[in-house]
Every structure is written in C-alpha cells, then in structure tokens.
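The lines below spell out each chain.
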Amino acid sequence: AQSVAQPEDQVNVAEGNPLTVKCTYSVSGNPYLFWYVQYPNRGLQFLLKYITGDNLVKGSYGFEAEFNKSQTSFHLKKPSALVSDSALYFCAVKKTGANNLFFGTGTRLTVIP
Amino acid sequence: EPEVTQTPSHQVTQMGQEVILRCVPISNHLYFYWYRQILGQKVEFLVSFYNNEISEKSEIFDDQFSVERPDGSNFTLKIRSTKLEDSAMYFCASGGIGTVGNQPQHFGDGTRLSIL
C-alpha cells in the first residue's frame with residue numbers, strides 16, 4: 001500500500017523568508033514523487049518531480065524539493081517566499097509501473113506581506 | 001502551453017439524475033485520468049484510461065461510473081444515478097509517453113458537481 005503524509009495543514013511564512021512544506025511517503029519499490037500547487041478555483045499545476053539520483057530537485061517558480069531516502073521524505077522548499085506563492089500544495093507519490101497518483105491531504109501555505 | 005480543458009465549470013444536478021462531465025485532454029497525450037476532490041479533502045484517483053480501455057480504477061469507481069473517449073478528442077465521465085455524496089470537484093488529467101513512469105500528469109481546472 002502507498003501513503004503520503006503532509007503533517008501540516010497550514011504553514012505561515014513572512015514574505016522574503018525561506019519556506020518548507022513537509023511530505024513523507026510510504027511506497028513499495030522506488031517511488032515517483034511529485035509536488036503540485038492548487039490556486040483558488042483552479043486545477044493542480046505541476047511544480048516538480050523526483051528523478052532517481054538527484055536528491056535536490058529544482059522546479060517551477062523557484063521551488064525545489066529535497067529527497068531523503070532514509071527519512072522517506074520529499075520536502076518542498078523555497079529560499080525566499082513571495083505573497084503570490086500563497087496556495088494549496090499537494091505532495092503525490094506513484095508506485096513504479098502504476099498509473100495513478102496518490103495524493104497527500106494538502107498544506108495551505110500563506111505568505112504574509 | 002497546451003492545457004486540459006473541462007466543461008462545465010459548475011454542474012448542478014438533482015439526485016438520481018445522470019450527469020456527464022467533459023474533458024478535452026492535451027492533443028498528443030495518450031493517458032487519461034479522472035480524479036475527484038470532496039470539499040476540504042484530498043484529491044482521490046478514480047480511473048485511468050489508455051488505448052481505449054480502462055487501465056486502472058479505484059474502489060470509488062463503481063458501476064455507477066463510466067468513462068468514454070467517443071471521438072478521439074473528448075474524454076467523458078458519466079455518473080448514471082447521482083447521489084448526494086457524489087458532490088465534489090472532478091478533475092480530468094492527461095499524460096504523454098512516460099506518464100506511467102515519472103512524467104507528470106497535467107490537470108484541468110475541474111468541474112464542480114453539486115448534487116441537490
């Protein structure tokens with residue numbers, strides 16, 4: 001069975017400060033890991049994905065994510081938060097060979113001006 | 001950039017009625033998906049479709065649900081007899097070659113289905 005945990009429902013950060021949105025996962029075999037962002041009344045937009053071998057993954061809008069195999073984590077990070085980064089962030093995992101994405105419960109990020 | 005488009009953006013239906021949600025995936029994509037998101041909850045997989053047949057489905061996707069790609073461009077989700085608990089945001093997604101691997105799925109903006 002696969003699972004994704006996003007332990008924080010809400011993350012608040014001041015504009016210009018670094019942000020971290022946490023994600024841990026459980027899946028058999030090598031995981032495919034993704035981060036998506038959802039703005040109000042919009043669908044899920046792909047941010048970045050984990051590719052085997054690159055523990056630090058860079059994605060859209062200055063976001064990056066750090067894969068840690070021993071901690072089974074894939075935390076989303078950004079060095080300097082923008083107010084426009086305020087949105088709902090979803091971590092997702094896919095088992096090798098499977099077709100469907102399995103999502104976490106989402107973390108609402110609020111960047112305070 | 002090509003997008004997945006979904007219509008309508010909001011559908012209101014009486015309980016027990018049939019509803020069809022429509023999606024136009026990205027044109028050269030081969031894999032097609034439906035997900036749903038009940039208000040305040042996480043996004044849940046419903047079904048995947050490849051080569052004109054269902055390739056995978058979840059427990060949610062029971063006999064009341066069906067999918068179709070009638071004309072090579074549209075991808076539809078039909079709910080035969082809607083229930084109150086079908087109220088949710090329904091997302092269509094598509095993916096190209098490599099989607100079964102680590103290539104991302106691309107999502108539409110969703111259809112909000114409200115069952116009265």
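Here the structure is shown first, and the text comes after it.
Below or above, wherever it landed, is the structure these notes cover.

### Some details on the state of the cysteines
Within the structure shown, the criterion is met by two disulfides over all chains. Here Cys23 of chain A pairs with Cys91 of chain A through a disulfide, and the sulfurs are 2.0 Å apart. Taking the sign of the S-S torsion, -65° for the link of Cys23 of chain A and Cys91 of chain A, the bridge is left-handed. You can see Cys23 of chain A sitting in the loop between β3 (19-21) and β4 (24-26) and its partner Cys91 of chain A sitting in strand β10 (residues 87-95), a full 68 residues away along the chain. Across this residue pair, the class does not change: Cys23 of chain A and Cys91 of chain A are buried. There is a disulfide in this structure between Cys23 of chain B and Cys92 of chain B, and the S-S distance comes to 2.0 Å. The chirality of the disulfide connecting Cys23 of chain B with Cys92 of chain B is left-handed, given an S-S dihedral of about -65°. Of the two residues, Cys23 of chain B is situated in strand β3 (residues 19-24) and Cys92 of chain B in strand β9 (residues 88-95); the sequence distance between them amounts to 69 residues.

### A closer look at the packing of aromatic side chains
For any pair of aromatic rings, the description consists of the separation of the ring centres together with the inter-plane angle of the planes. For the coordinates displayed, the defined rule picks out 20 aromatic pairs over all chains. For the ring pair Tyr36 of chain A and Phe46 of chain A, a centre distance of 6.0 Å and an interplane angle of 65° mean the geometry is edge-to-face. With a gap of 10 residues between them, Tyr36 of chain A in strand β5 (residues 31-38) and Phe46 of chain A in strand β6 (residues 44-49) connect regions that are remote in the sequence. Judged by relative accessible area, Tyr36 of chain A falls into the buried class, the value being 0%. Since its relative accessible area comes to 26%, Phe46 of chain A is described here as partly exposed. Here the aromatic residues Phe34, Tyr36, Phe46, Phe90 and Phe103 of chain A together with Tyr33, Tyr35, Phe45 and Phe107 of chain B are joined through ring pairs into a cluster of three or more.

### Focus on the pairing of β6 of chain A
Residues and elements named next belong to chain A. Relative to β6, β5 is paired through five bridges, and the arrangement is antiparallel. Bridging across to β6, Tyr36 finds its partner in Phe46. Counted along the chain from β5 to the antiparallel partner β6, the turn is five residues long, and its residue Asn41 has a positive phi close to 60°.

### Thoughts on the environment of Glu44 of chain B
Note on placement: Glu44 of chain B falls in strand β5 (residues 43-50). Along the backbone, Glu44 of chain B and Ile60 of chain B are 16 residues apart, and their C-alpha atoms lie at a distance of 8.8 Å.

What counts, and where the lines are drawn
- Residues numbered from 1 in each chain as written.
- Chains lettered and ligands numbered in written order.
- Predicted model: local features only at pLDDT ≥ 70, side-chain atom pairs only at ≥ 80, totals over all residues.
- Heavy atoms only, no water.
- Disulfide = S-S within 2.5 Å.
- Helix = DSSP H or I, 4+ residues; strand = E, 2+ residues; numbered from the N terminus.
- Buried < 20%, exposed > 50% of the residue type's maximum accessible area, 1.4 Å probe, protein only.
- Phe/Tyr/Trp six-rings, centres within 6.5 Å; stacked < 30°, edge-to-face > 60°.
- Pairing = 2+ DSSP bridges.

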